[in-house]
Amino acid sequence: MKKDVMLVTGAGQLSMAIARRIGFGKKIILGDKKKENAETIAKIMNDVGFDVVPVEMDLSNRESILALIAEGQKYGEIRMLVNGAGVSPSQAPIEAILKVDLYGTAVLLEEVGKIIAEGGAGVTISSQSGWRMPALTAEQDELLATTPTEELLSLPMLQPENIRDTLHAYQMAKRCNEKRVMAESVKWGERGARLNDIAPGIIVTPLAIDEFNGPRGDFYKNMFAKCPAGRPGTADEVANVAELLMGPSGAFITGSTILIDGGATASYFYGPLKPEQ
Ligand SMILES: NC(=O)c1ccc[n+]([C@@H]2O[C@H](COP(=O)([O-])OP(=O)(O)OC[C@H]3O[C@@H](n4cnc5c(N)ncnc54)[C@H](O)[C@@H]3O)[C@@H](O)[C@H]2O)c1
């Protein structure tokens, strides 16, 4: 019997939690730049009854994205997409953050949007970081949403003189993810499919632990201590949101970003996390 295919990028903890929640009974194609990461997660999941094929892929490269899609199509129609690949501000330089998190995500949403099955659903992972930057202008938002993918990295707002540091690059990339999801969801809708975005706050994963131990470690620890929830989140809590967005209960949700941050953003604007002027 042919199975529905679920493409997953990034063999990290968020991807795995989501794939375990909604991927049972599907053929899961799991791509990661580090093949060993994909193989490790595939083994964990295959050992408990999932059907995962690990693949080496680079989210920052269109050919590699097309190869991931082609691999999936060998098994059947692609009905689900989970984009959990990414690099954080402490892991990569500005150029890599923009190439992977901003450009790569935009290309992936575009290419999967050309072939997604009717009734299909996708979710990409942005970040609360995209919510704490001051608002961009309406024109900048529209440029991030609709500029053709191959021209995105040439936008003046993304040039080195306009990007302060890796955190700023990450915030711009994640803001762009939200805008791309809005614009792409219109095209996905023409195929009868939905596309949404999850913006997590601090979720305990190896990526977050790199941040706790990085130059902004104290900043992050203070953030979860002073947010309304008073703790970081877990990957399984992110999977709860993905389950809603990807499943029948989320049938009226598309083009949307759901913030799941224990209230850190609320506190940043209106509570104890508000920066001193
Ligand atoms: N963990 C958090 O607190 C948190 C918070 C907000 C947003 N996020 C976002 O969630 C996503 C996943 O984070 P995670 O915590 O699961 O991280 P993780 O480090 O556990 O997993 C990320 C995976 O992406 C892979 N990857 C990196 N660059 C790639 C590329 N070019 N092509 C393919 N794969 C690549 C890495 O090898 C790694 O296996 C990222 O986009 C991150 O920005 C995480």
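One can find the structure itself at the top, above this paragraph.
Residues numbered from 1 in each chain as written. Predicted model: local features only at pLDDT ≥ 70, side-chain atom pairs only at ≥ 80, totals over all residues.

1. Here's the deal with the overall build of the protein
Move 1: Along the backbone of the protein there are eleven helices and seven strands.
Move 2: A compact globule built from 277 residues would reach a C-alpha radius of gyration of about 19 Å, and the protein, at 18 Å, matches this within 12%.
Move 3: Seen through its C-alpha atoms, the protein measures out along the principal axes to roughly 60 × 40 × 35 Å.
Move 4: Looking at the protein residue by residue over its 277 residues, the buried ones come to 48%.
Move 5: Counting contacts in the protein only where the partners sit at least 6 residues apart, residues at least 24 apart contribute 76% of the total. (Helix = DSSP H or I, 4+ residues; strand = E, 2+ residues; numbered from the N terminus. Rg over C-alpha atoms; globule rule 2.2 N^0.38 Å. Buried ≥ 20, exposed ≤ 12 C-beta atoms within 10 Å, placed from the backbone. Contact = placed C-beta atoms within 7 Å.)

2. A few points about the nonpolar core
Move 1: By size, the foremost hydrophobic cluster in this structure holds 77 residues, and its most contacted members are Leu7, Ile18, Leu30, Val238 and Ala242.
Move 2: With eleven residues, the top contributor of residues to this core is helix α4 (residues 94-115).
Move 3: Those residues in contact with Ala242 that lie beyond four places of it in its chain are Ile18, Arg21, Ile22, Val123 and Ile198. (Core = buried A, V, L, I, M, F, W, Y, C linked by C-beta atoms within 7 Å.)

3. A closer look at the site of the ligand
Move 1: With respect to spatial proximity, 29 residues lie near the ligand, and among them Gly10, Gly12, Gly86, Thr205 and Leu207 are the closest.
Move 2: Every element with two or more residues in the shell around the ligand is listed here: α1 (13-22) and α8 (206-212).
Move 3: It is α8 that provides the largest number of residues to the shell around the ligand, a total of three residues.
Move 4: Here the residues of the shell around the ligand are counted per class, giving 14 nonpolar, eleven polar and four charged. (Near = placed C-beta within 6 Å. Nonpolar A, V, L, I, M, F, W, Y, C, P; charged D, E, K, R; others polar.)

4. Some words on α1
Move 1: Among the ten residues of α1, eight are classified as buried, and the element is accordingly described as predominantly covered.
Move 2: Turning to α1, its buried residues number three or more, namely Gln13, Leu14, Ser15, Met16, Ala17, Ile18, Ala19 and Ile22.

5. Thoughts on the sheet that holds strand β5 (residues 121-125)
Move 1: A sheet is described by the order of its strands in space; here seven strands give the open sequence β3-β2-β1-β4-β5-β6-β7, paired in parallel fashion. The outermost strands of the open sheet, each flanked by one partner alone, are β3 (51-56) and β7 (257-260). Ignoring strand direction, the axes of neighbouring strands in this sheet form an average angle of 20°.
Move 2: With six bridges joining them, strand β2 (residues 27-32) and β3 adopt parallel strand pairing. By the bridge assignment for β3, Asp32 is matched with Glu56. (Pairing = 2+ DSSP bridges. Axes fitted to C-alpha atoms, helices over the stretch in contact; angles between N-to-C directions.)

6. Some words on the pairing of strand β1 (residues 5-9)
Move 1: With five of five residues buried, β1 lies mostly within the body of the structure.
Move 2: Along β1, one buried face is formed by Val5, Leu7 and Thr9 and the opposite face, lined by Met6 and Val8, is buried too.
Move 3: Read from β1 through α1 to β2, the crossover connection turns out right-handed.
Move 4: Sheet topology note: the β1/strand β4 (residues 78-83) ladder contains five bridges and is parallel. Its bridge partner lying in β4, Met6 is registered against Met80. (Right-handed = clockwise from strand over helix to strand, strands pointing away.)

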